[in-house]
Amino acid sequence: DSGVTQTPKHLITATGQRVTLRCSPRSGDLSVYWYQQSLDQGLQFLIQYYNGEERAKGNILERFSAQQFPDLHSELNLSSLELGDSALYFCASSVDSWGASGNTIYFGEGSWLTVV
Amino acid sequence: GDSVTQMEGPVTLSEEAFLTINCTYTATGYPSLFWYVQYPGEGLQLLLKATKADDKGSNKGFEATYRKETTSFHLEKGSVQVSDSAVYFCALSDNQAGTALIFGKGTTLSVSS
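Criteria and cut-off values
Residues numbered from 1 in each chain as written. Chains lettered and ligands numbered in written order. Predicted model: local features only at pLDDT ≥ 70, side-chain atom pairs only at ≥ 80, totals over all residues. Heavy atoms only, no water. Helix = DSSP H or I, 4+ residues; strand = E, 2+ residues; numbered from the N terminus. Rg over C-alpha atoms; globule rule 2.2 N^0.38 Å. Buried < 20%, exposed > 50% of the residue type's maximum accessible area, 1.4 Å probe, protein only. Areas by Shrake-Rupley, 256 points an atom, 1.4 Å probe, with all protein chains shown as cover. Lys, Arg positive; Asp, Glu negative; His and termini not counted. Charge placed at Lys NZ, Arg CZ, Asp CG, Glu CD. Salt bridge = Lys/Arg side-chain N within 4 Å of Asp/Glu carboxyl O. Disulfide = S-S within 2.5 Å. Pairing = 2+ DSSP bridges.

Trainee: Explanation requested: the overall build of chain B in the structure shown.
Mentor: Within chain B, the regular secondary structure consists of zero helices and 12 strands. The linear arrangement of helices and strands in chain B, starting from the amino end, is β-β-β-β-β-β-β-β-β-β-β-β. For 113 residues, the compact-globule formula gives about 13 Å, and the C-alpha radius of gyration of chain B, at 13 Å, lands near that figure. Taken along its principal axes, the extent of the C-alpha atoms in chain B is 45 × 25 × 20 Å. Evaluated residue by residue, chain B yields a buried proportion of 47% over its 113 residues. Counting every atom, chain B has about 5200 Å² of accessible surface; 47% of that belongs to carbon and sulfur. In chain B, 8 positive and 12 negative side-chain charges are present, and the distance between their average locations comes to 5 Å.

Structure follows, in structure tokens:
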């Protein structure tokens, strides 16, 4: 158990709909990351928040948005869903703002999103 | 930009065989290097890491040495078990650029008894 909690574990929704994925980081971790894992694209970094502020942006679509709340949990909002958005969405957390300098990034078990 | 290249899979081995999964990287700064493992139906778990050149990361019989001269971080294990069957991801974090983890495409390992 990494200590990173993601809900829901599985989600099936229709095209055009909007969903929210939730993540609670490890206790004491200030940084939260979102990744998308799909068969064709592999693991893609979406976005990072540190202590409530956006710190880095990766390949995140404009239809997607995220935020980190004062209690440090984070939500990833996916809207106008398309079939191609079906993927496993991972949340991860780390102590510092970079997840670098050898600091470990811990991953949750992911949220499976299926768009039909 | 920074990138990680892993050998194509799947890798199929018999139990107790020697494992090598190649990983090379491109980075502008001085990255930290990681191997993550994803068992079937589970999330990513950190397997080992190395933060500077010539460091060796090790865990559960797996080892990888940070080779700056060849920009490589190959994963090795002397004797694999069926329970090692999983997808293995090489990743880097560029400390200077402050980016999040960049992953390779993953290598599927299948070990048979």
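Trainee: Sorry if this is basic, but what is going on with the pattern of salt bridges here?
Mentor: Oppositely charged side chains are able to pair whenever their charged atoms sit close together. Scanning the model with the defined rule gives seven salt bridges over all chains in all. Glu109(A) is the partner of Lys9(A) in a salt bridge, and the nearest nitrogen-oxygen pair spans 3.9 Å. Separated by 100 residues along the polypeptide, Lys9(A) in the loop between β1 (5-7) and β2 (10-13) and Glu109(A) in the loop between β10 (106-107) and β11 (111-115) bring together distant segments of the chain. For Lys9(A), a relative accessible area of 47% gives the class partly exposed. With a closest N to O distance of 2.7 Å, Asp84(B) and Lys77(B) form a salt bridge. For the residue pair Asp84(B) and Lys77(B), the accessibility class agrees, reading buried in each case. Each of the salt bridges in this network shares a partner with another, and the network as a whole consists of Arg63(A), Glu82(A) and Asp85(A).

Trainee: It is not clear to me how the state of the cysteines should be interpreted in this structure. Could you clarify?
Mentor: A covalent bond bridging the sulfur atoms of two cysteines is what the word disulfide describes. Under the criterion given, the structure shown has two disulfides over all chains. Across the disulfide, Cys23(A) is cross-linked to Cys91(A) (sulfur-sulfur distance 1.8 Å). Handedness here is read from the sign of the S-S torsion; for Cys23(A) and Cys91(A), about -60 degrees, the answer is left-handed. With Cys23(A) in strand β3 (residues 19-24) and Cys91(A) in strand β9 (residues 87-94), this residue pair connects regions lying 68 residues apart in the sequence. Neither Cys23(A) nor Cys91(A) differs from the other in exposure class; each is buried. Note on cysteine connectivity: Cys23(B) is disulfide-linked to Cys90(B), with sulfurs 1.9 Å apart. Every disulfide takes its handedness from the sign of the S-S torsion; for Cys23(B) and Cys90(B) that torsion is -70 degrees, giving left-handed.

Trainee: What should I look at first to understand the pairing of strand β8 (residues 74-78) of chain A in this one?
Mentor: On a regular strand, each side chain points to the face opposite its neighbour's, so the side chains alternate between the two faces of the sheet. Residue and element names in this part refer to chain A. Of all five residues that make up β8, five are buried, and the element is covered over most of its length. Burial along β8 is two-sided: Ser74, Leu76 and Leu78 facing one way and Glu75 and Asn77 facing the other are all buried. Where β3 meets β8, five bridges bridge the pair, whose relative direction is antiparallel. Bridge pairing in β8 links Leu21 to Leu76. Across five bridges, strand β7 (residues 64-68) lies against β8 in antiparallel orientation. Opposite Ser65, over in β8, you have Asn77 as the bridge partner. Between β7 and the antiparallel strand that follows it, β8, lie five residues; Leu72 among them carries a positive phi value of about 80 degrees.

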